[in-house]
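Coordinate analysis (summary)
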Amino acid sequence: MNKKAIVFLLVFAMVIVACGDTTEEAAVEATEEEHDHEGESTLEQVQERGFLKCGVSTGATGFTEVGDDGSYSGFDVDYCYAVAAAIFGDYSKVEFKQLTSAERFTALSAGEIDVLIRNTTWTQSRDTELGNDFGPTTYYDGQQLMGRVADGLSNSSTVADIDGLRVCTNAGTTTEKNITERVGLAGGTIQLITVEAFSEAIDKFIAGECDIVTTDGSGLVGRRAVNDALNDWVIFPTSPISKEPLGPTYRSNDSQWADIINWTVYATIIADEYGVTAANVDSADLEANPELGRLFGANDGELQTKMGLSADAYYQVIKQVGNYDEIFSRNLNPLGLYREGGDNDRWADGGLIYAPPAR
Amino acid sequence: MVKLLSKIGAFFRNVVVLKWAVQFIFLGGLIAIIFNYLNIAVGNLANTNIAFSWGFLGETPGVSIAEGLYTLPKSGLQMLQTGMLNMLRITVTGIVAATFFGTILGIARLSNNYIVEKTATSLLEVVRNVPLLVQILFFQALILSLPRLEVYDVGSVLFHASSKGVALSWPNRQDGAWMFMLYFLITLYISNRVYKQRVKLLEEQGRETKPFLWSLLTLVILFAIGWYGGYRIVGIIGFVSGFISQGLEVLPGIFYQILLSVLAGYLSFISVRKQINSKRSGELQGKYSDDDYFKMIITIVIAIVFIALMFAPIGQGISKFLVGDELTFKSDWGLPQFFGGISNALDWSITGVPYELNMAEIEQVGTTKFKKYSTEVGKSLTVGYFATWLGVVIYTAIFISEIVRAGIMAVSKGQSEAGLSLGLRRSSLLRLIVLPQAVRIMLPPMGNQYLNLAKNTSLGIAVGFPEVVAVGQTLYNQEGQTLPVFLIWMIFFSTVSLTLSSIVNYYNRKLKIVER
Amino acid sequence: MMNIDIKKQTRVIKENLFSSPVSTLLTFITSYIMISFFRGMFGFATAPDKDWLSVLNNMQLYMVQAYPESDFIRIWICVGLGFIFSGLSVGLWETEEKTSLSKLCLTFSKIVSGIIFLTIIAPTTSVVVSTATGIREQVDVFSYAERIPLLSILLGLLVVFFLISKINLSFNKSLLVSIYLLVPIILLWIMKIPTIQLDADNQRVFPDPLMPIANSTKIPWTLIWISFVVAYLVGVYFKNKKQFKNAVSISWVLLPLLIFSWIFKKPLIDLNELIRNDIPVFIGFLLIGVLTIYFINNKIVEKFYSYYLGLLVVVTIASLFLKVILLVKAALLLLLLFSVIIPAVSTSAKGKRSLTIVWVVSLTTTAFLLEGGTSTTQIVVPGSSIFGGFSLTWLLAIFGTYVSFPLGVLLALGRNSSLPIIKGVCTGIIELVRSVPYITWLFFASVTMAVFLPDGVEFNLIVRVLIVTAFFSGAYFAENIRGGLQSIPKGQFEAADAIGMNTVQKTSLIVLPQALRAIVPTLVSSIITSFKDSSLVTIIGLFDFLTIGRMVIGNQSIPINFIGHDRENLLFIAFVYWVFTFTLSRRSMKFEKRLGLGER
């Protein structure tokens, strides 16, 4: 009987040893996976992971939409695609994270996402206090109000005219503050109802719970184009009550990553200046336009490889996603938002969309 | 040597030693884990440049709130107060309404009438099986599908509903309302005393003393006197508290430190004495177990820590870590303001009836074509408030109806049969025999439902009702201080829960005593 | 004969509806309310400004969000498994054996008369609020001319049922149920539904053409329904086998784990790793367990038991902090649990045998599920997480319950413990968690929790929500379990002390089985609660079932515009939640009654 006990303990000990053997190997692998992120640049992390994590909105018509098969589309989404195309040469290597306005900066600083492209307004406090940096503005927006002509409002109405009214807006961080501030300056008071999603605010406006609805002008124009069957809605005041430059946001202190994002945006703008689109990018005359040649990696693409990208990175962006004008008109023209004559027109045509030269 | 070893072995095999060793290891581990995560949090916050601070409570948030105490709050604190009051508004009115509807529904489910019973049951099955959030959104959609207010004419209405909300005729509070309320409470107490007095007389002398009639008479007479100005008598309280307030203002901060320390010391002294007294006589005399010692030590330690927090530098260090600021006691710290507030509210010179019944009114907004419900006369409820209120009330009422039904069914059938054989009518049977017994069974689960109702009001955030969670979210959206806001939520909801459950427990105990 | 019947019926009606003036009044009031409610709902649903295709067209989005179409077979397998086990359970726990034709006809006549009544009272017009002026407009929806054909068909059916009911025939209920179940299949193949079509300019074609259901939907559902019926019949056949019933019950617990770890996620398995690490570990532990079971009560080995247990405790705790593969940790924990209770159970040959079976099965399942669960997903979902829509709702509901259950047990034991510090800490956790609404905990998960995580460690929002949910429903569970614990008579503890059990044995063999027995009924209701509560994640922006209807579809503008059709979607969502919770609660009530668990 004593033998059995000894055998028993022996087997036990053997298995424990066997476990110990597997232990070390697994441990080495595990540490490699978990801990080596520290000190790595964002680009290295993204390349190692194999896809980009892009923070987008939970829903903003024209900017972030989810289609009936779960696929994403929109202006912001296309810029996520563009960044992925630049890094991997494959636009589809993106994982989208839908973020509410409250959690977006936490998600960015906690490393849950690599870049935040979620109609985020560039403000001083966000740039300096929250540990973020902002890329070039992709869309110049401004907060406006919308009411009905039948209610006695018109283009020339001002913030002073909404004294005492009930105003709906979506929870953001700047919209509520802007409207409160401006109405206060005009000497009035409003009853401000804050809902989470803009579609809810529009629902309340249509039903008549709110007299006025306010958010970024792009959202208002988009909704008016789609919902206003009787041509009764009017957007005022003509010059927006706030400046809302929207663009990509990333963590500070990683200039390589910042350059990649910035120049992806600039590449789409430069391509637009030269009239290069996804359709004609292959036939673009790179010899005649050396700037395009440099951007598309025709001349060794040294500029791109120094950034840590492949030489044809921006060629892939234009090829797979398109230039600025294509991205804009694809997503926003159906909503009644046009570039012509607005802030988002080319700089040569009087707009603000401008890119530094690629040299 | 061997002896020593065996002694050590015996020491470690001692049950008491083992017990406490395990517990202290557990506690140590827990504290270590908590500190570890706090450390990480502090580091992470430093990385994102958001240092933990309560400063936002004093800063102007710069946003407006749809409804409540301060629609344009001057500070974060005011903003949160508005949210808290909005939440309490729904909770208190909701509890009353849910209890009322729940009881009716519960009785309806026991009804002999086929259609009534089936209707109540199907309502139960629908409401119970759909998420509350969906229901609240549904009620909102229902109100939003009403016509716009702008299509109606300006004027007074008894009741009105449009996509801007609901307006009711309502007894509006006048200046003397708060004083009258206090007066009314006193009146209630007096008439209760009268009732008890008459019952005592009845028991002692055996003659019919009509206790109910007497107390009702007292109530009516005192109410009538109070309504037409008699409530001003409580102005005396205001007068006295005005004096107290003035007296307190001259006291220095050290007074509060001493006051609170003495209070803490006294409380711990009482609790330790209670522990000792419980084993002073009888079988267990002087036999204190290790648990008893532990409890006594803990009470004393808590008191010492509290006092240290008041005075010692180490206490200031802790407070700086917890609160982000040193505890400073000023004379404008609370008590004088508290008494001053009372003296302002209970003002001798207020006159007029306390409440005025008004019709709801549709008004023009300025000179525009827009209309709104008057907030001055009648009662206007916004869509968010109405949807949230209706949602939580119906949802809770359904669960209360189940409790009521179970409670009534738990009262033995013999009781109702005995009542019927005495010739009681069904309604009197329910009121006099069944319900009083059922209430005792119903109360504890009912208390749970009240707590649920209080917590469920937080879903108002989905329909734009600014209750404490929604307001807190707006606040941290502005300031980035998520952790302090979360702590405030926690403290607030815990306070509400504790208050509610202690009220329920109080009645529970009271009913139990009646039983014996 | 007919006359007596009518008299009796009138008496019943009088007693039930008009027994007193008050009762009569109540009858009229409630009837009026119910009828107006129905008319309102009907008018709402049929109003021409409603676009119900916004629901139908987005069904895929509702169910699985962005799950790739190429892997849809996996979803069908999951649904199919669910249906097969439902069929088995329905068959196994079916009571009524026989039914007669007349009884059946009576049921059908009741249904048809109900429909006739509703058709007659349905409104002819519906109210549409004009978006521009806010004025209500009446629109014709369901004219009497349209109703007459429908009514005549229904009346004809009523007559037919009346005639058939005269035939005296009785048959097995299972046959009837299988016929019922075949009806949906026929409907699937002959029904035509309105479908959205786009013309050359990507504009929607009005009116929407009627099309048969797409093959990609039709064929899987047909197969699933057939297997459901087959499973039902199998269940009826094995009705009296107790082992079969037990196996089905256990499978219900394991099914969600299997679905979420293996089928839905399509785990990536490294064969090399498997042979090198997992299989040796698995076999080793299997051996140790069996040896322990068979030799622990041996007189000589018995002496070493306490050393063995001590060693095991030390190794287990150490393994938790070491970087060991997960299987080792889990298996050690399992072994520890077993080793504690083995001496008390494996006293007879029968006890040893059943313990061995339990050990092998539980270790195998653990290993299998860990293998699937720990592997990172292989399904490539372009752009988002593989869980979304209804699958996310179920994931939150089921896993919320799974994770919270053991936590709840621990907290309840802690709160009931005689050690003051542990008791205080557990009570504190339970009360703190319970006093704050779920939504604030969700906010904690979404914005605050990231602050507490060390650098480099990041959890998906879904995982964070699951952690929070585990604590939240765990605290509620703990209170339920505590109720169960308190109902155990004191004599049982004394008896256990008398036969020399230690605390762990007492807890695991005497206390918990009884407490858990009282908990089982609340398990299903807790899944239901979790299912309903999971809708709150919409507020923190997770894409669950409700979010899709509330926020996503209302935003779609490309290629088809569904802006402003939130109400239809809300009603649909409410209906789906209702169907699932109602069926679940009804079924669980039936099972409880059958098992005699609810009664004490």
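Note that the structure is a prediction, hence the values are computed from the model and not measured.

**Some thoughts on helix α17 (residues 438-452) of chain C**
Residues and elements named next belong to chain C.
- Between its terminal C-alpha atoms α17 stretches 19 Å, which fits the 21 Å expected from 15 residues at 1.5 Å a residue.
- Maximum bend of α17: about 50°, positioned at Ser446.
- Counted residue by residue, α17 has 15 buried out of 15 residues, so it is predominantly covered.

**As for the domain arrangement of chain B**
Residue and element names in this part refer to chain B.
- According to the domain assignment, chain B contains domain 1 (2-49), domain 2 (76-149 + 378-515) and domain 3 (252-330).
- Listed per partner, the contact involves 4 residues of domain 1 and 4 residues of domain 3.
- Around 400 Å² of area is buried between domain 1 and domain 3 when both sides are counted, 69% of it from carbon and sulfur atoms.
- Contact with domain 3 buries surface across domain 1, with Lys19, Trp20 and Leu38 losing the most and accounting together for 69% of the total.

**Re the domain arrangement of chain A**
All names here are of chain A.
- For chain A, the domain assignment lists domain 1 (43-139 + 246-349) and domain 2 (143-242).
- The distance between the C-alpha centroids of domain 1 and domain 2 comes to 30 Å.
- Summed over both partners, the interface of domain 1 with domain 2 buries about 790 Å², with 54% contributed by carbon and sulfur atoms.
- In terms of surface lost to domain 2, no three residues of domain 1 exceed Ser101, Leu335 and Leu337, which account for 42% of the buried area on that side.
- Taken together, the links from domain 1 to domain 2 amount to 0 salt bridges.
- Applying the counting rule to domain 1 against domain 2 returns 0 residue pairs in polar contact (both at pLDDT 80 or more).
- Broken down by class, the residue content of the side of domain 1 that touches domain 2 amounts to 5 nonpolar, 5 polar and 2 charged.

**Comments concerning the nonpolar core**
- Formed by 243 residues in total, the largest nonpolar core has its most connected members in Leu52 and Trp257 of chain A.
- No other element matches the 13 residues that helix α13 (residues 383-410) of chain B contributes to this core.

Analysis parameters
Residues numbered from 1 in each chain as written. Chains lettered and ligands numbered in written order. Predicted model: local features only at pLDDT ≥ 70, side-chain atom pairs only at ≥ 80, totals over all residues. Heavy atoms only, no water. Helix = DSSP H or I, 4+ residues; strand = E, 2+ residues; numbered from the N terminus. Expected span 1.5 Å × (residues − 1). Bend = angle between axes of the 7 residues up to and from the residue. Buried < 20%, exposed > 50% of the residue type's maximum accessible area, 1.4 Å probe, protein only. Domains from an automatic or database assignment. Contact = heavy atoms within 4.5 Å. Buried area = accessible area lost by both parts, 1.4 Å probe. Salt bridge = Lys/Arg side-chain N within 4 Å of Asp/Glu carboxyl O. Polar contact = N/O pair within 3.5 Å; in protein donor to acceptor, adjacent residues only side chain to side chain. Nonpolar A, V, L, I, M, F, W, Y, C, P; charged D, E, K, R; others polar. Core = buried A, V, L, I, M, F, W, Y, C linked by side-chain atoms within 4.5 Å.

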